[in-house]
Amino acid sequence: MAVLVALGAFLMTLAGGWTALRVTDRRHLVLGLAGGLMLGVVGLDLLPEALEAAGTEVFGVPAALLLFVAGFLLAHMVERLLAVRQAAHGAEESDGRAPQVGLTAAAAMVGHSAMDGVAIGAAFQVGGGMGAAVALAVVAHDFADGFNTYTITSLYGNARRRALTMLFADAAAPVLGAASTLLFTIPEQLLGGYLGLFGGALLYLAAAEILPEAHHDHPARSTLLCTIAGVAFIWLVVGVAG
């Protein structure tokens, strides 16, 4: 089931890349909805499950919460390191764009997508409802991943063939990540810790990238309503699954 669901992430990533070729004025609504879905999964399903599974405390704080914060900070550090690298290469290039920066950023997104697949598989090991909720967030998020992978690769002067190659690599990564979880069962405490770490990273992506991008050019009420609808839908899914 996890692998089949990951195929949805594969198709959604390709859809995001295709949209990058034909940007429409409705992109902000899609990103607003994706941000709401991600926020809902983290706050209403993934984090509570992580707290229950991890169990132990470290210096008075649940281990899952510590890893949640660590995941948020890790995602932030990776983004800042890429930004510094981009600025350094930009200063060296006459046009301000270094192709290797685009490839580095795209490769980081491919690695992130592989971990998305592992998260899907790990969530299905907890239960079908948890797996469905996490998969929904990942699939929604992968639209933005595909869009950004193609855009950032081509933006820095890479040929269209390279941009498409990175797009297909990003699309295949969740499937491979989900398939890897068929080979082993993650212990409950380790699973809780991983879900906490993933939740922190997912929240950072929603709060620092997806939602700001959704409102950047279109600070419209409809975008905000899509975000609220995404959170409400996850609440409904959690309620039905429970």
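Residues numbered from 1 in each chain as written. Predicted model: local features only at pLDDT ≥ 70, side-chain atom pairs only at ≥ 80, totals over all residues. Heavy atoms only, no water.

Regarding the overall build of the protein chain
The helix and strand tally for the protein chain stands at eight helices and two strands. From first element to last, N terminus to C terminus, the protein chain shows the α and β order α-α-β-β-α-α-α-α-α-α. For the protein chain, with 242 residues in total, the buried portion stands at 43%. Counted over contacts in the protein chain with a minimum sequence separation of 6, partners at least 24 positions apart contribute 83%. With an accessible surface of roughly 11700 Å², the protein chain has 69% of that area assigned to carbon and sulfur atoms. (Helix = DSSP H or I, 4+ residues; strand = E, 2+ residues; numbered from the N terminus. Buried < 20%, exposed > 50% of the residue type's maximum accessible area, 1.4 Å probe, protein only. Contact = heavy atoms within 4.5 Å. Areas by Shrake-Rupley, 256 points an atom, 1.4 Å probe, with all protein chains shown as cover.)

So, the environment of Leu 203
Looking at the secondary structure, you find Leu 203 in helix 7 (residues 188-216). On a C-alpha basis, the gap between Leu 203 and Gly 40 in space is 9.5 Å, while along the polypeptide they are 163 residues apart. What Leu 203 contacts, discounting residues up to four positions off in sequence, is Leu 39, Val 42, Phe 68 and Phe 72.

Re the side chain of Thr 227
Its place among the elements puts Thr 227 in helix 8 (residues 221-241). Side-chain polar atoms of Thr 227 contact the backbone oxygen of Gly 32, separated by 2.9 Å. (Polar contact = N/O pair within 3.5 Å; in protein donor to acceptor, adjacent residues only side chain to side chain.)

A few points about the nonpolar core
Buried together is how nonpolar side chains tend to be arranged in soluble globular proteins. Leu 46, Val 134, Tyr 194, Leu 195 and Phe 198 are the most contacted members of the largest nonpolar core, which totals 35 residues. Counting residues per element, the ones that place at least two in this core are helix 2 (27-54), helix 3 (63-92), helix 4 (99-126), helix 5 (128-155) and helix 7. Per-element accounting of this core gives the leading share, ten residues, to helix 2. Leave out the neighbours within four places in its chain, and Tyr 194 touches Met 115, Val 118, Ala 119 and Ala 122. (Core = buried A, V, L, I, M, F, W, Y, C linked by side-chain atoms within 4.5 Å.)

Re a nonpolar patch on the surface
A surface patch of nonpolar side chains, amounting to about 540 Å² of accessible area, comprises Leu 51, Val 58, Phe 59, Val 61, Leu 65 and Leu 66. Looking at where Val 58 falls in the secondary structure, it is placed in strand 1 (residues 57-58). (Patch = residues over 30% accessible without salt bridge, like charges linked within 9 Å, V, L, I, M, F, W, Y side chains within 5 Å. Salt bridge = Lys/Arg side-chain N within 4 Å of Asp/Glu carboxyl O.)

Concerning unusual backbone geometry
Backbone geometry at Phe 59 places phi at a positive 55 degrees, although glycine is not the residue there. For Phe 59, the position within the fold is in the loop between strand 1 and strand 2 (61-62).

Some words on the packing of aromatic side chains
For the structure shown, the criterion picks out two aromatic pairs. Residues Phe 72 and Tyr 204 carry aromatic rings whose centres are separated by 5.1 Å and whose planes lie at 85 degrees to one another, so their mutual orientation is edge-to-face. Of this pair, Phe 72 sits in helix 3 while Tyr 204 sits in helix 7, and the two are 132 residues apart along the sequence. Ring centres of Tyr 194 and Phe 198 lie 6.3 Å apart, and the angle between their planes is 20 degrees; this geometry places the pair in the stacked category. With Tyr 194 and Phe 198 both in helix 7, this residue pair falls four residues apart, about one helical turn. Both residues of the pair, Tyr 194 and Phe 198, belong to the buried class. (Phe/Tyr/Trp six-rings, centres within 6.5 Å; stacked < 30°, edge-to-face > 60°.)

Quick look at helix 6 (residues 160-180)
If you check helix 6, its first and last C-alpha atoms are 30 Å apart, about what 21 residues at 1.5 Å a residue would give, namely 30 Å. The principal kink in helix 6, of about 25 degrees, is found at Ala 172, preceding the proline Pro 174 by one to four residues. If you check which residues of helix 6 are buried, you get Ala 163, Met 166, Leu 167, Asp 170, Ala 171, Ala 173, Pro 174, Val 175, Gly 177 and Ala 178. (Expected span 1.5 Å × (residues − 1). Bend = angle between axes of the 7 residues up to and from the residue.)

Focus: the side chain of Thr 181
Within the secondary structure, Thr 181 is located in the loop between helix 6 and helix 7. Among all residues touching Thr 181, those that are not within four sequence positions of it are Val 118, Gly 121, Ala 122 and Gln 125.

Some points on the environment of Ala 232
Within the secondary structure, Ala 232 is located in helix 8. Along the backbone, Ala 232 and Gly 40 are 192 residues apart, and their C-alpha atoms lie at a distance of 7.4 Å.

Section: the environment of Ala 34
Topologically, Ala 34 is positioned in helix 2. Residues Ala 34 and Ala 214, 180 residues apart in the sequence, show an inter-C-alpha distance of 9.4 Å.

Some thoughts on the confidence of the model for the protein chain
Per-residue confidence for the protein chain averages 77 on the pLDDT scale, and 80% of its residues sit at or above 70. When pLDDT is averaged over each element of the protein chain, strand 2 comes out on top at 91 and helix 5 at the bottom at 72. (pLDDT = per-residue confidence, 0-100.)

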